[in-house]
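If you want the building blocks of each chain, they are given just below.
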Amino acid sequence: MEAQPVKLEAMRRLIVNPGTASAWEIPLAPGVISLGRNAENNFPIEHDSVSGAHCLLTVTDSGVLIKDMGSTNGTFVNDAPADEAVLLPGQTLRLGDVLLRLESDAEPTAAIPLPAGAKADAPAAAFCKIHPRALARLHCPRCQRNFCDACVSMRQGRTFCRACGVECQPLETAPASAGPEPSFFSMARGAFAYPLQGDGVILLVGGTIFLLVIDGAKYVLRFVPGYGWVLLLLLTVFGTGYLAAYLRRILTDTAAGEKAMPDWPEFTDFSSITSPFFQLVGTVVFSFAPAIALTIYAMTAKEGGAWLGWATTACILFGCAYFPMAFTAVAMFDSIGAVNPLLIVPSILRIPLEYLFTVALFAVILLVRWLGRTFLPDILPVPVLPAVLSGLLGLYLLAVEVRVLGQLYWAKKGELGWFRR
C-alpha cells in the first residue's frame, strides 16, 4: 500500500528570526497568507531584503505550500531556492536575509499507510497564471495553465481558455481564506488609497503623460490634409482601447483578489487594443441606447413636447445606472454579449444596496471630473498645468471607480452567480 502523510489537526506557526531576541510568531490558519514588506500583506516583514510582495503561503490540512511571487532576493526552503515548494514542520524558510522556521504542535516522523478505502489529501493548491495571488479553479488541457474565473471566456455556460480556445477543466483547490470575508463597504473605504499604494503613483503619472501625448497628437492631426483623419481615427482607437484595457485589468485583478495596481498592459497585437475598445463602445452604446434614440428623434422631429425632455433625462439616468454593472460583466466574461439585460438587471436586483452605493460613487466621480476640466483652467492659468492635473485627477478617479466595481464582484460573486456550473 502506498504511504501517505497523516493529516494533522495541530496548530502551525512560523517563527520569524528564530533563536534571537527579536523573534516573533506568525500563526498559520487555513487559507492563503501573503508575506512581504508592503503593509497590505497579511503579515508585513519590514526588511530591505524582503520584496514588497515576496511570497504566498497556502495553508491546508495536508501541508503548507510556498510560492515565490517573483521576489528580488528569492525564496529558499532549507537554503534551497524554491519557486514553489511544500514546507514541512522543522524546515526553514528564508525570504531574502530573513529566516523563518515552521513549527507544529505535532510533527510526524514517518509516512503511515492510509486505511483501506480512505481518501488521500487533496492536491496542493494551484495559482492562476495571470493573477498569481488568486487560487486557480480551472485548467487548460492544451497549454497546461491554471486560471481563476476572471481569466477565462464564458460561452453557453462553459469556460474556455482565452489563449487556446480549448474548454477548461475544473480544479479542486484549497479554500481561499478562513473566517468571514470582509464586507463590500469595508473594502470600498480603501479604494481611494488604492491608486496611491506601491507603484500606483508612478503608474498614474506615466499613464497621464501617455494619454496627454495621445491627445496632443490627435489635436495636431486635425490640421493634417489628406489622410490625417485616418491617422486621427487610428490614434483615437489606440488611446481609448489602451485605457479600456488597463481599466479592465484593474477590475479583473481586483475581482481575483489582487491588492496592488497592475502594470500597464503590454501591446502584443492589435486585438489586445481593438477588442477592449469595441467592447467599451458597445457597452456605452447599449447602456445609453434609449437616450441616444430620443436625442436623434428630438433633432429630427419638427415638433416635440415637454415629455421629450423628461424622457431623455430619465433615459440618461437609466444608462448611468446600467453602465457600471454592464462594464463589470463585459470585463469578467470578456464578451460584449454580457450586456444582455437578462444578466444585468437580475444582477442589479440581487445586490441593490451595494450597487446603489457604486452608482452614486460613479455619479460623484463624473461630477468631480467635469468640475476639474471646467474650472481648473481658470483657477490655474498656467500653460499645460491644468491639462496635466485634470488628466491625473481623471485617471485616479477612474482607477478608484473600477477598483470599487472589482470589489463589488469579489464581495458579492456568490449572490451574482455568474460563473456557477
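Look up a bit, the structure's there.
Note that this is a predicted model, so its numbers are computed, not measured.

S.K.: I'd like a description of the packing of helix α8 (residues 352–379) against helix α9 (residues 385–416), backed by residues and values.
M.R.: Between α8 and α9, whose axes approach to 9 Å, the crossing angle comes to 175°. In terms of axis orientation, α8 runs roughly antiparallel to α9. On the side of α8, the interface is formed by E354, Y355, T358, L361, F362, I365, V368, R369, G372, R373, L376 and P377, while α9 contributes P386, L389, S390, L393, G394, L397, L398, E401, V404, L405, L408 and K412. Split by residue class, the contact of α8 with α9 holds 15 nonpolar, four polar and five charged.

S.K.: Give a detailed account of the pattern of salt bridges, specifying residues and quantitative values.
M.R.: Going through the model one piece at a time under the given rule, you end up with seven salt bridges. Here R101 makes a salt bridge to E103, at a shortest N to O gap of 2.6 Å. Measuring nitrogen to oxygen at the nearest pair gives 2.9 Å for the salt bridge that ties D334 to R248. Here D334, found in the loop between α6 (306–333) and α7 (341–350), pairs with R248, found in helix α3 (residues 228–255); they are 86 residues apart in sequence, far enough to count as distant. Residue classification places D334 among the partly exposed residues on the basis of a relative accessible area of 22%.

S.K.: How would you sum up a nonpolar patch on the surface? Please name residues and give values.
M.R.: Nonpolar side chains collect at one region of the surface, where L196, V201, V205, I209 and V213 lie side by side and expose about 430 Å² of accessible area between them. The residue L196 is located in the loop between α1 (184–188) and α2 (200–221) in this model.

S.K.: Could you give me a rundown of α8, with the residues and numbers involved?
M.R.: A rise of 1.5 Å per residue sets the reference length of α8, with its 28 residues, at 40 Å; its end C-alpha atoms lie 39 Å apart and thus fit the reference within 8%. Within α8, the axis deviates most sharply at R373, by approximately 30°, and proline P377 lies no more than four positions further along. Three or more residues of α8 are buried, namely E354, Y355, T358, V359, L361, F362, I365, G372 and L376.

Cut-off values and rules
- Residues numbered from 1 in each chain as written.
- Predicted model: local features only at pLDDT ≥ 70, side-chain atom pairs only at ≥ 80, totals over all residues.
- Heavy atoms only, no water.
- Axes fitted to C-alpha atoms, helices over the stretch in contact; angles between N-to-C directions.
- Helix = DSSP H or I, 4+ residues; strand = E, 2+ residues; numbered from the N terminus.
- Parallel < 35°, antiparallel > 145°, perpendicular 65-115°, else oblique.
- Contact = heavy atoms within 4.5 Å.
- Nonpolar A, V, L, I, M, F, W, Y, C, P; charged D, E, K, R; others polar.
- Salt bridge = Lys/Arg side-chain N within 4 Å of Asp/Glu carboxyl O.
- Buried < 20%, exposed > 50% of the residue type's maximum accessible area, 1.4 Å probe, protein only.
- Patch = residues over 30% accessible without salt bridge, like charges linked within 9 Å, V, L, I, M, F, W, Y side chains within 5 Å.
- Areas by Shrake-Rupley, 256 points an atom, 1.4 Å probe, with all protein chains shown as cover.
- Expected span 1.5 Å × (residues − 1).
- Bend = angle between axes of the 7 residues up to and from the residue.

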